[in-house]
Amino acid sequence: MKKLNKEQQQAIAVDEQIVLVKSAVGSGKTTVLTHKICQLCEDGVDPGSIVVLTFTRRAANEIHRRLSQFVVHSQSLEYCGTFHSVANRLLRDYFDISVLGFSRDFSIIEDRQRSEILEELCFDHNIRISKRELRNFPGNQSSDKTKLLQEEYATYKKRNNIVDFDDLMIYLNELLALQPAKFSWIIVDEFQDCDEIQSQILNKFVDHGAQLFAVGDPYQTIYHWRGSNPVIFEDFANLSGAYTTELSLNYRSSANIVEAAKELFAPHNKVRAYREPGTPVTIKKHLDAFHEATYLAFLIKSLAAQEIDYNQIAILYRRQVQREEIVKVFQQHDIPFVIQRQVQLSSIAVLDWLYNLFVLCLNRKNLFAKRMVFSHRKYGAKKEKRAFLKEKIANFSEFAQQYVDEDDIWDYFALHKFLSPTSASFEKDQQLVLTFLREILPDKSRDDFYHVLRQNILCRDYNLETVVDKVDGCRSDGVQLMTLHSSKGLEFSHVFIVGANAGNIPLQRQNLEEEKRLFYVGLTRAKEYVEISYTNSTQLYGATKDPSAFLEELNPSCVHWEETDDTQTDLKELTNMVKESRLQNQTSQREAFHEKYGTGMVVAEDENSFMVDFPGYGEKSFSKVFCPLKFKETDEN
Ligand SMILES: Nc1ncnc2c1ncn2[C@@H]1O[C@H](COP(=O)(O)OP(=O)(O)OP(=O)(O)O)[C@@H](O)[C@H]1O
């Protein structure tokens, strides 16, 4: 166990009904939170009466991981997970949701399905509503049209026993007002991200007698748009009379990183660095995104040669689209990488279909699932297969009372018949289904399949990202590519923030203060080294070629601008680097044929041009727009 400092020990020891721990970045929030849970369990508090709430599944997993190193068996923490997953479990197993018109086996729909249902209801009931109103539904203004749609949507959900993600919070809040809830402790991570309804939920748990212990950092509020609020500590404390304490010592980053970043919120930010000065934050200018990515590829190779693990290096960007260039270049240079992304079930048609098949097996009255299963454009059961599937659904509970593996399930439903065996996607669909099933099935020694379905499938407690990565063959130990938003709560040895051009960071038309906090989150993920880069030309919508104004706000004494005005030098240097790497790896070279110069090798390429080396003629550059070349790929391409 880490030796806690005085501030941390005090935060854990306070015995008040509501304790808010306002913590600076990297000051050990998660550390304190896990120690608090351990402490409670050691003091004899029943783990089943502790509710632990986080905002991301990754944060929940991290808490489980850290707890498993201690005495606490994280398995016994029944209610530890994201706000939504815990609400889901409580609504099924703890409260009586029938008072709200649902049964315990309700299924959850995602945003895309929600939009489809709303559109259908508008059509059926002749409700004329603009696309924008629909996107923001239910929104703030309640016109007659939106009221009518709201009523129809509520009826539809009850009739079909489905809820959407917002409902999970709404219904938990409602049931907490109606039914008893006996929990001894509510522990909240990233408290600054709570919105109004989540604050109400916490208050209600407290009204039922629970103690609340919440940690958070107001400077890391990055979800203002979905209702979180940087002054939540003050507001909540004022309303509830909470005891507030602070953690200010940053253990994560070397002092130059802490001091550079702190200045963004001067003079209020009280974070202090614990560690040595380390290297200043580097700011670098590149010609364009291709050069930026190529430069990173080489730098990362040299870091790997110095035995820095790939997964200790993160590349952070403001927009998903920025990763495309990086992925292309890293693939060319054989750099392993992992893309951190969120995968929605509804974006994988075959798994969406399978999910609804299981929902239907658990509740045959679920009309929504019925329609999804039988009338699906691709996997739907046509006439002759309908009777077969109906019978399988009817007999499912008997089949599922035992231990089964993925092949048993495949055979039971004869899935090969439903997954369009002649289609090009069959093999991938099959892999997705089997990998998904393997992911959710328990060890032989544990629960039966029926139980797993109720616990994991209905509660959506599975990691789709892992399934997709396994099927796509992604390595798990690569350089971490992710948006600034996704980097929250993580730490790496080296962090590279790319595309820090004005208009991209901060993103145009976004809340400036929130964008600054987002940038701060990204910077403070690094333990040893941060490099921020921007480009002289950019294709990013709304971005200019100037550096982000936030770069000027960093503490100048902790920052090193590595900028040269002559970006052509950069180009030459990089072209040589690319050429060198191509020569090292002949198999990935492309041959190009030109009528006059004959056959040559492509030695460099950017968005606009190719550079080809022709024996006897030397290097020639060609614009991509009027390219007279014919290409031949070598073996590996
Ligand atoms: N008392 C301590 N002594 C030494 N190291 C510590 C101590 N407390 C925390 N740390 C280390 O500091 C780093 C940051 O801790 P942690 O991840 O808990 O911070 P955090 O406040 O949750 O960070 P953030 O808000 O930035 O996500 C971790 O590497 C952790 O091991």
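Just so it is clear, the structure is predicted and the values come from calculations on it, not from any experiment. (Residues numbered from 1 in each chain as written. Predicted model: local features only at pLDDT ≥ 70, side-chain atom pairs only at ≥ 80, totals over all residues. Heavy atoms only, no water.)

**Observations regarding the sheet that holds strand 8 (residues 243–247)**
In space, the six strands of this open sheet follow the order 3-2-6-7-1-8, with parallel pairing throughout. Edge positions in the sheet fall to strand 3 (79–82) and strand 8, since each has one partner strand and no second. For this sheet, the mean angle separating the axes of adjacent strands, direction not counted, is 15°. Note that strand 1 (residues 18–23) and strand 8 share five bridges and pair parallel. Residue pairing for strand 8: Val21 is matched across the bridge by Thr245. Strand contacts of helix 2 (residues 29–42): strand 1, strand 2 (50–54), strand 6 (185–188), strand 7 (211–216) and strand 8, with the helix running at about 165° to strand 6, the strand carrying the most contacts. (Pairing = 2+ DSSP bridges. Helix = DSSP H or I, 4+ residues; strand = E, 2+ residues; numbered from the N terminus. Axes fitted to C-alpha atoms, helices over the stretch in contact; angles between N-to-C directions. Contact = heavy atoms within 4.5 Å.)

**Some words on the packing of helix 14 (residues 349–362) against helix 20 (residues 426–440)**
Between helix 14 and helix 20, whose axes approach to 9 Å, the crossing angle comes to 50°. By the angle between their directions, the pair helix 14 and helix 20 is classed as oblique. Our pair here, helix 14 against helix 20, has a crossing hand that is right-handed. Here Val350, Leu351, Leu354 and Phe358 of helix 14 lie close against helix 20, whose contacting residues are Asp429, Leu432, Val433, Phe436 and Leu437. For the contact of helix 14 with helix 20, the class distribution of residues is eight nonpolar, no polar and one charged. (Parallel < 35°, antiparallel > 145°, perpendicular 65-115°, else oblique. Left-handed = near helix turned anticlockwise from the far one by under 90°. Nonpolar A, V, L, I, M, F, W, Y, C, P; charged D, E, K, R; others polar.)

**Some words on unusual backbone geometry**
For the bond running from Ala266 to Pro267, omega is 0°, close enough to zero to count as cis. Position of Pro267 relative to the elements: it lies in the loop between helix 11 (255–262) and strand 10 (272–273). The linkage connecting Ile505 with the following residue, Pro506, adopts the cis geometry, with an omega of -5°. For Asn126, which is not a glycine, the phi torsion comes out positive at approximately 55°. Positionally, Asn126 belongs in the loop between helix 5 (111–124) and helix 6 (131–135). The class of Asn126 is exposed, set by a relative accessible area of 58%. In this model, Asp334 sits at a positive phi of 60°, which is unusual for a non-glycine residue. Structurally, Asp334 can be placed in the loop between helix 13 (323–332) and strand 13 (337–339). (Buried < 20%, exposed > 50% of the residue type's maximum accessible area, 1.4 Å probe, protein only.)

Geometry only, nothing functional implied.
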